[in-house]
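Observations on the model geometry
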Amino acid sequence: MLLAALTAFLLAAVWMICRGPSPAARDLLVNTVMETSAAKFVARIFLSEEEVQAILDRNGVLETGEVTSETGAFEAPEESVPPETIELHEVNGGSFKGKMMVVHDPGRVRVAALASFDADGQGKKLADLVAQEGAVAGINGGGFADEGGVGSGSVPLGIVIQNGTLRAGSLTASYSVIGFDGEDRLVVGRMTGQQALDKGLRDAISFGPAFIVNGKAAEISGTGGGLNPRTVIGQRADGAVLLLVIDGRQPQSLGATYQDCVQVMQEWGAVNAANLDGGSSTQMIYEGETVNVCASLYGPRKLPTAIVVDAVQEGGNG
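Here's what I pulled together on the structure shown here. This one's a predicted model, so the numbers in the text were calculated from it and none came from an experiment. (Residues numbered from 1 in each chain as written. Predicted model: local features only at pLDDT ≥ 70, side-chain atom pairs only at ≥ 80, totals over all residues. Heavy atoms only, no water.)

Quick notes on the overall build of the protein chain
On a plain count of helices and strands, the protein chain comes out with six helices and 21 strands. In terms of overall size, the protein chain behaves like a compact globule, its C-alpha atoms giving a radius of gyration of 20 Å where 318 residues would be expected to give roughly 20 Å. C-alpha atoms of the protein chain, sized along the principal axes, occupy 65 × 40 × 40 Å. Counting only residues that meet the buried cut, the protein chain has 49% of its 318 residues in that class. At a minimum sequence separation of 6, the contacts of the protein chain that also span at least 24 residues come to 72%. In the form shown here, the protein chain has an accessible surface area of approximately 14300 Å², with 55% of it arising from carbon and sulfur atoms. If you average the places of the 22 positive and of the 37 negative side-chain charges in the protein chain, the two averages end up 6 Å apart. (Helix = DSSP H or I, 4+ residues; strand = E, 2+ residues; numbered from the N terminus. Rg over C-alpha atoms; globule rule 2.2 N^0.38 Å. Buried < 20%, exposed > 50% of the residue type's maximum accessible area, 1.4 Å probe, protein only. Contact = heavy atoms within 4.5 Å. Areas by Shrake-Rupley, 256 points an atom, 1.4 Å probe, with all protein chains shown as cover. Lys, Arg positive; Asp, Glu negative; His and termini not counted. Charge placed at Lys NZ, Arg CZ, Asp CG, Glu CD.)

Here it is as structure tokens:
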């Protein structure tokens, strides 16, 4: 009886939001659940497919269409900071809490991945990917096949480049690419696998959207993305890499919209930034500990890729 009463209450609440007097509340709900793997059905209980799509179309991201173009040396930092420095800061907004990691040496940031991307295999948890690389920190990376939210985490979606080698994706297909070139510059934007290689990307994965390209923020309308856990990567003009995780789906932190993420990255000086896989995959590890609150009820997800920060090697940086 209790379960039936709870189900009826939740259905009534969803109906009130979807068919009630507040279009903003409806759009926020739809954008939020449509970014999940397992809860998309909620938006379709009381709304048609056409209505859902219309809401998504009105509340989205108009990317600039540009690709990171800066070359040459990074700007001198405003204050002298040892290059091996890693900073970890609290980030707060109206609906969210999170962590910002600042890695001052961009050469330490790279892609970690499974040895093979086998549909019958299993991904690795972020802690295991960080450990296998001997890294000091890491965040979850690109998207992966995850039908119904129960995917094995072994098959990445889009492109994967490691050490200048294309490990997943096509030379001719176009992807939303997030990676680092040989000068340790974060490159974001849409390109084919061949264009990514021609651009000299040493490490790259796929997700999106791009939030900031060449200092210009994407145009975001309405409640783009809804309130969800987020993982974002960016880079300042001085080369420092910004790794952001935002907790979500919790009473103390509902999550962040795309616009929230853009604003946080701008506040921290990002000139290029992009959205990585979020939701229940959002996780940050530093010195062997998870420093954020994972949204998954079943613990950290298994992943095919991650962004890791190399430990400082004796006698120099890693």
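Things to note about the sheet that holds strand β19 (residues 289-290)
Paired through their backbone hydrogen bonds, the strands of a sheet run either parallel or antiparallel. Within the open sheet, the five strands sit side by side as β4-β21-β6-β18-β19. Their pairing is antiparallel. Strand pairing shows two members of the sheet lacking a second neighbour, β4 (109-113) and β19, which therefore form its edges. Bridge analysis of strand β18 (residues 284-286) against β19 gives two bridges, and the strand direction is antiparallel. The partner of Tyr286 across the bridge, within β19, is Glu289. (Pairing = 2+ DSSP bridges.)

What about the side chain of Asp277?
Here Asp277 is to be found in the loop between β17 (270-276) and β18. The buried charged residue Asp277 lacks any salt bridge, with Arg301 as its nearest oppositely charged partner at 6.8 Å. Look past the residues within four positions of Asp277 in its chain and what remains in contact with it is Asn140, Gly141, Gly142, Gly143, Phe144, Phe207, Thr231 and Thr282. (Salt bridge = Lys/Arg side-chain N within 4 Å of Asp/Glu carboxyl O.)

Comments concerning unusual backbone geometry
The omega angle of the peptide bond from Gly208 to Pro209 is 5°, so this bond is cis rather than trans. The phi torsion at Asn214 lies on the positive side, around 55°, for a residue other than glycine. The residue Asn214 is located in the loop between β12 (210-213) and β13 (216-217) in this model. Residue class for Asn214 comes out partly exposed when judged on its relative accessible area of 22%. The residue Arg249 is not glycine, and still its phi comes out positive at about 60°. In this structure, Arg249 sits in the loop between β16 (241-246) and α6 (258-267).

Some thoughts on the nonpolar core
Formed by 25 residues in total, the largest nonpolar core has its most connected members in Met101, Val103, Ile233, Leu243, Ile307 and Val309. With residues near it in sequence (within four places) discarded, Val103 still touches Thr85, Ile86, Val109, Ala240, Val241, Leu243 and Val309. Counting residues in hydrophobic clusters, the runner-up holds 20 residues, among them Phe96, Val102, Cys261 and Ala270. (Core = buried A, V, L, I, M, F, W, Y, C linked by side-chain atoms within 4.5 Å.)

Comments concerning the sheet that holds β12
The strand order across the open sheet formed by seven strands is β2-β3-β16-β15-β17-β12-β13, and the pairing between neighbours is antiparallel. Where the open sheet ends on each side, the last strands, each with one partner, are β2 (86-92) and β13. Pairing between strand β15 (residues 230-236) and β17: six bridges, direction antiparallel. Residue pairing for β17: Val232 is matched across the bridge by Asn275.

Points about the packing of helix α2 (residues 23-33) against helix α3 (residues 49-58)
Where α2 meets α3, the axes come as close as 10 Å, and the angle between the chain directions of the two elements is 95°. Put simply, α2 runs roughly perpendicular to α3. Contacts between α2 and α3 involve Arg26, Asp27, Val30 and Asn31 on the former and, on the latter, Val52, Ile55, Leu56 and Arg58. Grouping the amino acids of the contact of α2 with α3 by side-chain chemistry returns four nonpolar, one polar and three charged. (Axes fitted to C-alpha atoms, helices over the stretch in contact; angles between N-to-C directions. Parallel < 35°, antiparallel > 145°, perpendicular 65-115°, else oblique. Nonpolar A, V, L, I, M, F, W, Y, C, P; charged D, E, K, R; others polar.)

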